[in-house]
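The residues making up each chain are set out below.
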Amino acid sequence: EDYIIKTSSPKIVIAKVSAILKSLEKERFKVVDEVQKAADSMGAKVVPDEFPVFEGFNVKHWHMPFKNVPGGDFIDYFRINDDNLAVVLGDVMGKRWGAWYFAVAYAGYVRSAARFVLETAKVFNPSDILQKVNESVFKDERIAEVFITLSVIILDKKNKTAKYAGAGDLPIVLKTNKAEYFQSKGLLLGFSETGEYEDHEMKLNPGDEIFIVTDGITEARNKEGELYGQDRFLSFIENLDSSKDSIEQMKKEIFDFTGGEVEDDISVISIKVS
């Protein structure tokens, strides 16, 4: 970017480096702004603006892109019929704009696969949606080597159940009178033609709450470099104040732990039974 004469004073070195950093930051803001405007003009969104309305359940999400630059996380909701709602959380393995563009493509795959499965199925299973997406991705040379984690939950308000299946994702958390992890064994999407996806069905009661997160939560670090981690997250969920909003409590927890400085996109979905 520039050069400095060897005998320059420390003040000149600092001034030069500061000027370079300010110039680069200004350019970054300009580029981000231009691409965001382009994305808005395309109508390409990977996170809904509003929460879904679904009787018997209170569904909310929190999504915060790293430094306000869209990354690879995406959230989606599908109203299957009057009694069933599908909740989807994905995380493309990649950084910044490249991951964001793939997230748009994957969100499209998930929607197409969900429509195909739901139109032909009599019983709605998340594993069927995952397998259909996996088949499409595995055969598509353009994105077959871009791996993704995906969590799919189908809520049934009539029977008060939740069916869950995952592909290489973090375990989901079910909070009843305690908090426990449900770990999927499904492979990352696109890794193998057969993903070995399986369903976990949970019977729900009023007050129960399900949490789905991407690794921006568990891999958040404090100023000493310590990871937040899955054990700390589970303990936090177990000690949530049920009279207060869970998402707001989680925001405070992560910001307090990191000092407000995060290193990745943060995405979390909470599903509370009313």
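Everything discussed here concerns the structure shown above.
Rules used throughout
The numbers attached to residues start from 1 for each chain and follow its sequence in the written order. Since the coordinates come from a predicted model, pLDDT governs what is reported: local features require at least 70, and pairs of side-chain atoms require 80 or more to be given and counted, while whole-chain, interface and lining totals use all residues. Where side-chain values are given, they derive from all heavy atoms of the structure, hydrogens and water being excluded. Only protein chains enter the accessibility calculation, which uses a 1.4 Å probe; a residue is then buried when its area is under 20% of its type maximum, exposed when over 50%, and partly exposed in between. We count a stretch as a helix when DSSP gives it H or I for four or more residues in a row; a strand needs E for two or more, and each element gets its number in order from the N terminus. DSSP bridges decide pairing: two strands pair if at least two such bridges lie between them. A side-chain nitrogen of Lys or Arg and a carboxyl oxygen of Asp or Glu constitute a salt bridge if their distance falls within 4 Å. By definition, residues are in contact when any of their heavy atoms lie within 4.5 Å. Between the N-to-C directions of two axes lies an angle of 0 to 180 degrees, each axis being a line fitted to C-alpha atoms and, for a helix, fitted only over the stretch in contact. Candidates for patches are residues over 30% relative accessible area with no salt bridge; among them, like charges are joined within 9 Å and nonpolar side chains (Val, Leu, Ile, Met, Phe, Trp, Tyr) within 5 Å. For every accessible area listed, the method is Shrake-Rupley and the probe measures 1.4 Å; residues are considered covered only by the protein chains on display. When charges are counted, Lys and Arg contribute as positive and Asp and Glu as negative, whereas His and the chain ends are disregarded. Note that the charge is assigned to NZ on lysines, CZ on arginines, CG on aspartates and CD on glutamates.

(A) Just the pairing of strand β3 (residues 73-79), in detail. For β3, the tally of buried residues reaches six of seven residues, placing the bulk of the element in the interior. In this structure, β3 lies alongside strand β4 (residues 84-92), joined through seven bridges in antiparallel fashion. Paired with Tyr 77 across the strands is Val 87, a residue of β4.

(B) How the structure looks around the pattern of salt bridges. As enumerated under the stated definition, the model contains seven salt bridges in all. Glu 55 is the partner of Lys 157 in a salt bridge, and the nearest nitrogen-oxygen pair spans 3.5 Å. Of this pair, Lys 157 sits in the loop between β5 (148-156) and β6 (161-167) while Glu 55 sits in the loop between β1 (53-54) and β2 (57-64), and the two are 102 residues apart along the sequence.

(C) Structural view of the sheet that holds β1. Strands sit in the order β1-β2-β11-β10-β7-β8 across an open sheet of six strands; the sheet is antiparallel. Strand pairing shows two members of the sheet lacking a second neighbour, β1 and β8 (179-182), which therefore form its edges. Both strand β10 (residues 209-213) and strand β11 (residues 266-273) contribute to a ladder of five bridges, which runs antiparallel. Considered in β11, the bridge of Glu 209 is made with Lys 272. Strands in contact with helix α5 (residues 230-238) are β7 (172-175), β8 and β10; relative to β8, the strand with the most contacts, it is inclined by about 135 degrees. Helix α6 (residues 246-258) contacts β2, β10 and β11 of the sheet and is inclined by roughly 25 degrees relative to β2.

(D) Local environment of a nonpolar patch on the surface. On the surface, a nonpolar cluster with roughly 470 Å² of combined accessible area is contributed by Ile 4, Ile 12, Val 13, Val 17, Leu 21 and Leu 24. You can see Leu 24 is positioned in helix α1 (residues 10-42). For Leu 24, a relative accessible area of 43% gives the class partly exposed.

(E) Geometry of the sheet that holds β3. With respect to topology, five strands assemble into an open sheet ordered β3-β4-β5-β6-β9, the strand pairing being antiparallel. With one partner strand each, in any of the chains shown, β3 and β9 (200-203) form the two edges of the open sheet. Strand-to-strand twist across the sheet, computed as the mean angle between neighbouring axes with direction ignored, equals 15 degrees. Where β5 and β6 come together, seven bridges link them in antiparallel fashion. Following the sheet pairing, Ile 153 is matched in β6 by Tyr 164. Relative to the sheet, helix α3 (residues 126-139) contacts β5 and β6, its axis offset from that of β6 by approximately 25 degrees.

(F) Looking closely at a negative patch on the surface. On the surface, a cluster of negative charge is made up of Asp 128, Glu 196, Glu 198, Asp 199 and Glu 201. Looking at the element boundaries, Asp 199 is found in the loop between β8 and β9.

(G) Molecular detail of unusual backbone geometry. Here the phi dihedral of Lys 160 falls at roughly 50 degrees; this positive angle occurs in a residue that is not glycine. By relative accessible area, Lys 160 is classed as partly exposed at 22%. For Glu 196, which is not glycine, the phi dihedral falls at a positive 55 degrees. Here Glu 196 shows up in the loop between β8 and β9. Look at Glu 196 and you get exposed, because its relative accessible area is 54%.

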